Each structure stands twice: as C-alpha cells, then as structure tokens.
Amino acid sequence: MGEEQFDTPKEVEVVTFDTAFGKFGIFTCFDVLFHDPAVTLVDKCHVDTVLFPTAWMNVLPHLSAIEFHSAWALGMGVNFLASNIHNPQQRMTGSGIYAPDFPRTFHYDMKTKEGKLLLSQLESHPYRPKVNWTSYASSIDAFSVGNQEFKGTVFHDEYTFVELKGIAGNYTVCQKDLCCHLSYQMSELRSDEVYAFGAFDDLHTVEGRYHLQICTLLKCKTIDVQTCGDSVDTAATRFDMFSLSGTFGTQYVFPEVLLSEVQLAPREFQVTSDGRLLSVQPTSRPVLTVTLFGRLYHKDGATSASAHSTAHWLEGLLIVIIPLVYSLC
C-alpha cells in the first residue's frame, strides 16, 4: 500500500503492559482488521484496554474510523482508545474512547483542521458478554422476498441486495453460506431516499486481503439502486425499530450503527446473547447504515494452491513460534 517507509518486525509482536487499572495492549492502524496481533491480545493475553494510534482514512459505508473502532470494542469486549491523525483533506478524522457497552466519547470533524482532546471515565476491567452470533438467525425461517434481488458494489465487493419497499417489513437475503435477516420500521417512507439490505460472503482483495461476512442495511446514494453501496454521509430517514441477524460462520462479528453526518448512536441499540443487533429506541438521527461486520480470519488468503501450501508450511512454523509469542503476554 505504498508504506515501505515503515519498519516491519520479522515476527508479529504482541505488546502488553500491566497497571493498577488493568492490562493494556498496543497495536497500530490497519492491524485492527487482522487476527494478529489484535485478536491475540484479547483472546490470549486477556487485555482490558487497547491503545490504538492510527492514520485512518475513512471509507463509507462500513469503515469509517469511529464506526468500525467502536464496533471492534463492542465485538471484542474491551476498552478501545483510538487516536487518529486529523487530516480532513485525506479523509483522516475520527478518534474516540470506546467501551464494550457503548462509546463514551468520540470526535469526527471533516470541516476544520482543529484537533480535540477527549476525556472519559472507563471501567478498568470491562465485562465481556458472550454472544452466539448465529443462534437466532439459524433458528428462524427465511422471510420471502420474491425475485427482488440485485447486485451492488460496496468498496469493490459485490453484494446481494434487496430494496426496502415499505415503511416496515421483514427481509432475508443470502450469499453463499451467509443468510441475513432484517425486521424494521421506518418513521416515514420518503420518495427521495432508497434503503437496501444486503449480504456479502467472500474474500475482500483491494488494499488488503481478508475474508468477510457482512449483513447490512444502508442508505443508497440516490434513488437509483445502482448507487446502493456508494459512499454517502447524510440521510433524512429515521428508524423507529430494527432487528438484524445472520448465520455467521465466525464469532468475530462487529456491530455498527452509523447515523447521518457520520455520528454514532450511543445507548440506542443493543446486542443480544443470541446474536441480534436490536434498536432500543427510535434513532436520534437519520440512519446511514446498520451492519454486522464479520471476519473469518481462518479463511484469509486461502484462495489458491500457493496460499494453501504457504499455510501448510506456516502450520509447522507456528507450532514453534506461537508459544514463544504468547509467553510475552
């Protein structure tokens, strides 16, 4: 990605330190999308809080900084302190102090060059609830949608979409092994806006290779459904209710709710133990997207014979390396 100026460790480093107010881990920027060292710090080293410096370029609809970083805190059950470079000309803005239950404070500003100091109080040892991300979705029958499906592109990935036709409804959309279920109620059905509900289950290959399973409700850029998945940062439709779930093949799922003008929705939704992303009140602003962003780390790069052979070679290597790395926790 043209970042050869940065030093790269020959082996993945797992960095932690202990304090009287919990165990901390550190990783940087793009690392948050991968298993090592990010997930290792939580699952193996049992950190309470992650310190996360970044130069994050916002990519809507699913990878805005405040959106994804707050979702990672929720999905992984840790505090997440994200400090982003503030450079609006390069779409770099969005810092926050995120807890596993809701964002404590955040800052997103594409209009000025001024930075901001964020302060908040956190639990030093946050509670990490258990979620079975496929339990509910696999227990219900699919909602009928007829022949309404169409293809759309989100950040170079081809999704299977259906358009939301009514002010309220129930939809199921599937792609490969993933079936997504949505129930919703809009505050009004506007003629100047279109929302779509989509599923993606495949390897993302642009600016990094990583396997995704995503269920998403999103606002289309225009009333033309071919713009569903394009970047859009304002909306006019509020939702009185939504319930989103999917038959995920992973327990690493990150729940996102992003509102108009790229704002978060603290305390306006919850995640249930059976894997539903539920509203708890009408949204305070119009909705840009409601998303369950799943990562299948075990499938990353396993798309060619060479990748398979490399993975096989690494298996033997990891037997030696992994215990050494984990001992650093």
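Every value quoted in this text rests on a predicted model; they were computed, and no experiment measured them. (Residues numbered from 1 in each chain as written. Predicted model: local features only at pLDDT ≥ 70, side-chain atom pairs only at ≥ 80, totals over all residues. Heavy atoms only, no water.)

Caption draft 1: Spotlight on the sheet that holds strand S17 (residues 287-295). The strand order across the open sheet formed by 6 strands is S7-S8-S11-S12-S17-S14, and the pairing between neighbours is antiparallel. In the strand order of this sheet, the two ends are held by strand S7 (150-154) and strand S14 (253-259), each with one partner. In this sheet, adjacent strand axes meet at a mean angle of 20 degrees when their direction is disregarded. With 7 bridges joining them, strand S12 (residues 210-219) and S17 adopt antiparallel strand pairing. Among the inter-strand pairings, Ile-214 is bridged to a residue of S17, identified as Phe-293. (Pairing = 2+ DSSP bridges. Helix = DSSP H or I, 4+ residues; strand = E, 2+ residues; numbered from the N terminus. Axes fitted to C-alpha atoms, helices over the stretch in contact; angles between N-to-C directions.)

Caption draft 2: Expanded view of unusual backbone geometry. A cis geometry characterises the amide bond from Asp-36 onward to Pro-37, with omega recorded as 5 degrees. Residue placement: Pro-37 occurs in helix H1 (residues 35-43). Here the residue pair Leu-60 and Pro-61 is connected by a cis peptide bond, since its omega of 15 degrees sits within 30 degrees of zero. The phi dihedral of Cys-29 is positive, around 50 degrees, even though this residue is not glycine. Mapped onto the fold, Cys-29 is located in the loop between strand S2 (22-26) and H1. For Cys-29, a relative accessible area of 19% gives the class buried. With a phi close to 55 degrees, His-46 is a non-glycine residue in the positive phi region. Residue position: His-46 is located in the loop between H1 and strand S3 (49-54). Note on His-46: relative accessible area 55%, which makes it exposed. (Buried < 20%, exposed > 50% of the residue type's maximum accessible area, 1.4 Å probe, protein only.)

Caption draft 3: Spotlight on the layout of surface pockets. The calculated volume of the largest pocket comes to roughly 1300 Å³. Together, 35 residues line the largest pocket, and Glu-3, Thr-28, Cys-29, Phe-30 and Asp-31 are the ones closest to its centre. For the lining of the largest pocket, the two domains that each supply at least three residues are domain 1 (16-107) and domain 2 (149-298). (1 Å grid on protein atoms, 1.4 Å probe; cavity = no way out; pocket = protein on both sides within 12 Å on 5 of 7 lines; lining within 4 Å. Points joined across faces, edges and corners; volume = space filled by probe spheres on them. Domains from an automatic or database assignment.)

Caption draft 4: Main features of the side chain of Glu-268. Its location among the elements puts Glu-268 in the loop between S14 and strand S15 (269-271). Notably, Glu-268 is buried but unbridged: the nearest opposite-charge side chain belongs to Arg-285, and the N-O separation is 7.5 Å. Polar contacts involving the side chain of Glu-268 include one to the side chain of Ser-284, which spans 2.5 Å. For Glu-268, the residues in contact, after removing those within four places along its chain, are Leu-259, Leu-278, Ser-279, Val-280, Gln-281, Pro-282, Thr-283 and Ser-284. (Lys, Arg positive; Asp, Glu negative; His and termini not counted. Salt bridge = Lys/Arg side-chain N within 4 Å of Asp/Glu carboxyl O. Polar contact = N/O pair within 3.5 Å; in protein donor to acceptor, adjacent residues only side chain to side chain. Contact = heavy atoms within 4.5 Å.)

Caption draft 5: How the structure looks around the state of the cysteines. Applying the stated criterion across every chain, the model contains 4 disulfides. The disulfide bridge from Cys-180 ends at Cys-215, spanning 2.0 Å between sulfur atoms. An S-S torsion of about -80 degrees defines the bridge between Cys-180 and Cys-215 as left-handed. With a gap of 35 residues between them, Cys-180 in strand S10 (residues 178-186) and Cys-215 in strand S12 connect regions that are remote in the sequence. Given the relative accessible area of 0%, Cys-180 is considered buried. Covalent S-S linkage joins Cys-220 and Cys-228, the inter-sulfur distance amounting to 1.9 Å. Residues Cys-220 and Cys-228 are joined through a disulfide that is right-handed, its torsion about the S-S bond being 85 degrees. By the burial criterion, Cys-220 is buried, and Cys-228 matches it. Should the bonded cysteines of the protein be numbered as they appear in the sequence, the pairing reads 1-8, 2-3, 4-5, 6-7. (Disulfide = S-S within 2.5 Å.)

Caption draft 6: Representation of the nonpolar core in the model. In terms of nonpolar packing, the biggest core is built from 83 residues, with Phe-27, Val-32, Phe-68, Trp-72, Phe-80, Leu-164 and Phe-197 touching the most fellow members. At 8 residues, helix H2 (residues 65-76) tops the list of elements feeding residues into this core. Beyond its immediate stretch of four places on either side in the chain, Phe-68 contacts Val-32, Leu-33, Trp-56, His-62, Leu-63, Phe-254, Glu-256 and Phe-293. (Core = buried A, V, L, I, M, F, W, Y, C linked by side-chain atoms within 4.5 Å.)

Caption draft 7: Expanded view of the packing of aromatic side chains. Counted by the stated rule, this structure contains 22 aromatic pairs. Taken together, the aromatic side chains of Phe-27, Phe-52, Trp-56, Phe-68, Trp-72, Phe-80, Phe-254 and Phe-293 make up a single cluster linked through ring pairs. Looking at Arg-104, its charged tip hangs above the ring of Phe-102, at a distance of 4.1 Å from the centre. (Phe/Tyr/Trp six-rings, centres within 6.5 Å; stacked < 30°, edge-to-face > 60°. Lys NZ or Arg CZ within 6 Å of the ring centre and 35° of its normal.)

Caption draft 8: Fine view of the pairing of strand S6 (residues 103-107). Two strands pair when backbone bridges link them, and strand S5 (residues 95-98) and S6 are joined in this way by 4 bridges, in the antiparallel orientation. Paired with Tyr-98 across the strands is Pro-103, a residue of S6. From the end of S5 to the start of S6, which pair antiparallel, there are 4 residues.

Caption draft 9: Just the confidence of the model for the protein, in detail. Considering every residue of the protein, the mean pLDDT works out to 91; 91% of them sit at 70 or more. Scored below 50 in pLDDT, residues 303-326 makes 10 contacts in the model with residues more than four places away or belonging to other chains. (pLDDT = per-residue confidence, 0-100.)

Caption draft 10: Spotlight on the pattern of salt bridges. Considering all chains together, one arrives at 10 salt bridges under this definition. When the shortest N-O distance is used, the salt bridge between Asp-202 and Lys-176 registers 3.1 Å. Here Asp-202, found in strand S11 (residues 195-204), pairs with Lys-176, found in the loop between strand S9 (168-175) and S10; they are 26 residues apart in sequence, far enough to count as distant. Residue Asp-202 is classed as partly exposed on the basis of its relative accessible area, which comes to 28%. A relative accessible area of 59% places Lys-176 in the exposed class. With its nearest N and O atoms 3.4 Å apart, the salt bridge here joins Glu-193 to Lys-219. Remark: Lys-219 occurs in strand S12 and Glu-193 occurs in the loop between S10 and S11; sequence separation between them is 26 residues. Given the relative accessible area of 11%, Glu-193 is considered buried. Salt bridges sharing common partners tie together Glu-188, Arg-190 and Asp-192.

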